[in-house]
Every structure is written in structure tokens, then in C-alpha cells.
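An overview of the molecular structure
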Amino acid sequence: MTTRPDTQPLTAWVEQVRAGIENGRFPARAFKDQGVHDLEQERLFSKAWCFLAHESEIPSPGDYVTRYIGNNNLIVARDENGDIHANLNVCRHRGNVMCKAEMGNASHFRCSYHGWTYKNSGELVGVPYMKEGYEGRLKRKDWSLVRVRVDAYEGLVFGCLDPEAPSLEEYLGGFQFYLDLYLKHGLGGVEVHGPPDHWIADTDWKICAENFAGDGYHTPVAHQWGFNLGYFPSSGSTHSQGWAVSIPDKGHGIGLGHSPDFPAFGGFPDELAAEMRQALSPEQAEVFARTRTAVGTVFPNLSFLMQPFSLVPGEPGVRFVTMRLYHPVGPGRMEMYSWCLVPRDASAEYKTEAYRAYTLAFGQAGTFEQDDFENWTKVTQAAGMTMVRDIDFPYIMGMESEPDPAFPGPGHAVVPYVNDTNFRNLWARWADYLTGEA
Ligand code: FES
Ligand SMILES: [Fe+2]
């Protein structure tokens, strides 16, 4: 049991939690606690590289979306030169929220309060009563929107609020190998199939991050209907075959489930599968060929899932990819963003099929999504109960697992796929940030 008397500083509690993780324990309280939520805002989301948008959401000059890092609202926009910028969506004059729309196209943003106007790249260009009011004392260049660092990997645009943080490349730390399994679908890569579904849920973001870091344990139970009714082109008994791969000290993790009878690159049209073999390295192609389901989390709150889903029960499935972001909005409460990614070069028919499969399984009313959120919401609810919050949960599967020396990818790959190794790595990184070690 990890106790946190109210008199104990939260940072000391986090140190205690960190020691517990090494012994395979993690406390319920982390999933619903105002203090933990506040500390995450202050020490985690202010330091980590966080996902903002996929480049295909803003393909043309002037396109923008508004997104969050922690509780900070940002405008992510493509300027007239094609460069992507992220600026705080807050006017420098008196702090009004500038852009109220979620997405659109604009060369400039004009504040609705006193009319200060900024280019989509963030520079202040228009100030009402500039001469008469400010009498030469206001220098426009000093009052641009607050800029946030951005960097991208294969179309994924990330932002970081900490100017001193290491590069995105270093932050990903080799997980790019696995991201490619979701992103290099054909030589043209992937694009979003429309805007994200998003909705508020009384679920802690970390429960989702953990589940998507490779929880193959719940699949045959929570989603049992999918096996029973033939929506999975595989038997549930094979779910535990494959690897759990984590990137030590980075927090990222992926579950690679495979079924011996699932064809290499199955679920994709032949011509796309041929292009994917070209786009991936031989090591990646080997991992991909053996993978039926890939479910992974980029620390802290971005996840991906690729799996086949049969639109007609019993028939071979179509493989779809979903990307999801868990935006924390309070203790035990989050806003979910969920996208369907499709190969840019695929036929319109395949894109539509993949989107249908995604929508039925993982759209906001998707069957899998409902299974998961029913459980996650109850876990969150229980975590706030006075008798539950100081209970620890066991994360002791695979405590003695040795990495598979034959596995061709980077990181720490253990067998079987059903394993707590990835979760211990995820929570250790979380504790690093909350204790200020990261
Ligand atoms: S708050 Fe934006 S112009 Fe005054
Ligand atoms: Fe699930």
C-alpha cells in the first residue's frame, strides 16, 4: 500500500511511488487526484514532447487547428511558406483567447477584444490606435504570440513547452522504428481520414496510455464478442503470441501481437503491401510481417493501434490504423481525440473500407471503444474512493523477463506479448518527470 497522508508532500509520495514501480506496484490514487493532476501539468506536460497534429490536417498555407499541451491552448498553423508554427492561442494584449474555432484557414488572427491582429506565424502586425494610443512606445516585434518549439517525425507534429528539453529525435529514442509500422504504409505515407472524433470522458488519460502501451491481457475478455462473432480474423487463443517492446528510460512501449496463421502484410491491398516492403527496412519488414495487431504509446499521451477487422464476420479483415491523443482536462477526466490514418496512395475504396472498419471498432461509438471506456471509467471512479485510493495494483508480470536476443528491433523486447514490462517502463518515466528527474 502506498500511503499519502495529507501532510506528506506530494513529491515525497511520488518518490515512494517510484520505488514501488521497481517492485511492480503502482497506486490507484495516481488515476484520480487533484494534486497528481496539478503536478503532471507543472512537471510533465510542461517538459515532454507532446503530439499536436498530423501534417495532413493542415496541408495548405493558412490551414490551422487548435490543440493543447497540458492545459495550454495552441494554434498550430501552416504559414504562407509552408512552415508549421505552434503559438499560444492567447492574445498578448490582455490575454483573450484568440481563435475560438477548432480548425480552419486564416492568414491572420484578429483578437475579438481590442482588435490586435497577428499573422498565422504569430507576429503581431495590427494594433488599433497604434500612433495615438501608444505614441511610439509599443514595438510590435516584442509582442508576438508566445511561440512553442515544434518538430516533426514522418508527418507527426510535436510541440514542447521547454526550450531546454532534448530534441524530438532524442526524446523518441528509437521508437521511430515502431512508429514507421503505422506511418510508412506505401511510399506516400499516411494521411488523416477527416478530422478527429473527440469527446470528453470521465477517464484518466494514464489508463488509456497504459492500455495502448500493449495491454493484450484485456483483449480476449473485454472484447470477447469480437472473437465470438468473427470480427477478428483470428482465434482469441493466439493473442498472447508476440512481443512487448519498451524503450527503456523513455516510457514508450508497443505490443506486437502475432498469429502464426495471419498472412504477412495481411489486410492490405497487394500493391500497397509491396510498397510497404520498400518503405520499411528489412528489420522493420520482418517485424511487420509477423505482426497482426500493433498497439503502442508514445509517452506520455499519444497512441496508435493497427489491427484487422472483418466488416463481414468470418471474412479476412481490413487492417486499419487509429491514432489517439488523451488530453487531460482534470483529475480522472480527459478529452479523447481519435483519428483514422489511411495510406495516402491507397485507392478511395480501400480508404473508405479502412475508415468503416475504424469507425465500427474505434470511432467514438465504436464497439471496442465502448468496451474500453466502460472499464476505464469505472477504474477511474474506483480510484477516487477513499478505501481504494491508497491501494497498489500489481505490475509484476514478466519481472524476470530477459530480452529476446533474436528480436530484430530496438528496445527491450520480451515474450510473451501479455506482460507488464511496458507498463513498468511507462510509470517509471512518469515518475521521472513528476520527481523532476527527467
Ligand atoms: S485582449 Fe486581445 S486585443 Fe485586447
Ligand atoms: Fe481495448
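Residues numbered from 1 in each chain as written. Chains lettered and ligands numbered in written order. Predicted model: local features only at pLDDT ≥ 70, side-chain atom pairs only at ≥ 80, totals over all residues. Heavy atoms only, no water.

What follows is about the overall build of the chain. If you tally the helices and strands in the chain, you get 13 helices and 21 strands. Here the chain has a C-alpha radius of gyration of 23 Å; the compact-globule value for 438 residues is 22 Å, and the two agree. Over its C-alpha atoms, taken along the principal directions, the chain stretches across nearly 75 × 60 × 35 Å. Considering the chain as a whole, with its 438 residues, one finds that 57% of them fall into the buried category. Look at the contacts in the chain between residues 6 or more apart in sequence, and 66% of them connect residues 24 or more apart. Only carbon and sulfur atoms are counted for the fraction: they give 51% of the accessible area of the chain, which is about 17900 Å². Of note, the chain has its 37 positive side-chain charges centred 8 Å away from the centre of its 55 negative side-chain charges. (Helix = DSSP H or I, 4+ residues; strand = E, 2+ residues; numbered from the N terminus. Rg over C-alpha atoms; globule rule 2.2 N^0.38 Å. Buried < 20%, exposed > 50% of the residue type's maximum accessible area, 1.4 Å probe, protein only. Contact = heavy atoms within 4.5 Å. Areas by Shrake-Rupley, 256 points an atom, 1.4 Å probe, with all protein chains shown as cover. Lys, Arg positive; Asp, Glu negative; His and termini not counted. Charge placed at Lys NZ, Arg CZ, Asp CG, Glu CD.)

A word on empty space enclosed by the protein. To find leftover empty space, a probe the size of one water molecule is rolled over the atoms. Scanning the entire structure with this criterion turns up three cavities of 30 Å³ or more. Here the largest cavity is characterised by a volume of approximately 210 Å³. In this structure, the largest cavity is lined by 22 residues; those nearest its centre are Thr219, Thr293, Leu305, Gln307 and Tyr417. Those elements giving two or more residues to the lining of the largest cavity turn out to be helix 6 (205-212), strand 16 (293-298), strand 17 (302-309) and helix 12 (367-383). Of the residues that constitute the lining of the largest cavity, the class distribution is eight nonpolar, eleven polar and three charged. In this structure, the second largest cavity occupies an estimated 50 Å³ of space. If you go around the second largest cavity, the residues you meet are Phe45, Cys50, Phe51, Tyr68, Ile69, Gly70, Asn301, Leu325, His327 and Pro328. Counting only elements with at least two residues in the lining of the second largest cavity, the list comes to strand 2 (50-54), strand 3 (63-69) and strand 18 (318-330). Top element by residues in the lining of the second largest cavity is strand 18. It accounts for three residues. (1 Å grid on protein atoms, 1.4 Å probe; cavity = no way out; pocket = protein on both sides within 12 Å on 5 of 7 lines; lining within 4 Å. Points joined across faces, edges and corners; volume = space filled by probe spheres on them. Nonpolar A, V, L, I, M, F, W, Y, C, P; charged D, E, K, R; others polar.)

Looking now at the domain arrangement of the chain. Each domain of the chain was delimited in the assignment, giving domain 1 (50-160) and domain 2 (175-435). On a C-alpha basis, the centroid separation for the pair domain 1 and domain 2 is 33 Å. On the side of domain 2, 22 residues touch domain 1, which itself brings 14 residues to the contact. A buried area of about 1500 Å², summed over both sides, lies between domain 1 and domain 2, and 71% of it is on carbon and sulfur atoms. Here domain 1 and domain 2 share zero salt bridges between them. Where domain 1 meets domain 2, there are five residue pairs in polar contact (both at pLDDT 80 or more). (Domains from an automatic or database assignment. Buried area = accessible area lost by both parts, 1.4 Å probe. Salt bridge = Lys/Arg side-chain N within 4 Å of Asp/Glu carboxyl O. Polar contact = N/O pair within 3.5 Å; in protein donor to acceptor, adjacent residues only side chain to side chain.)

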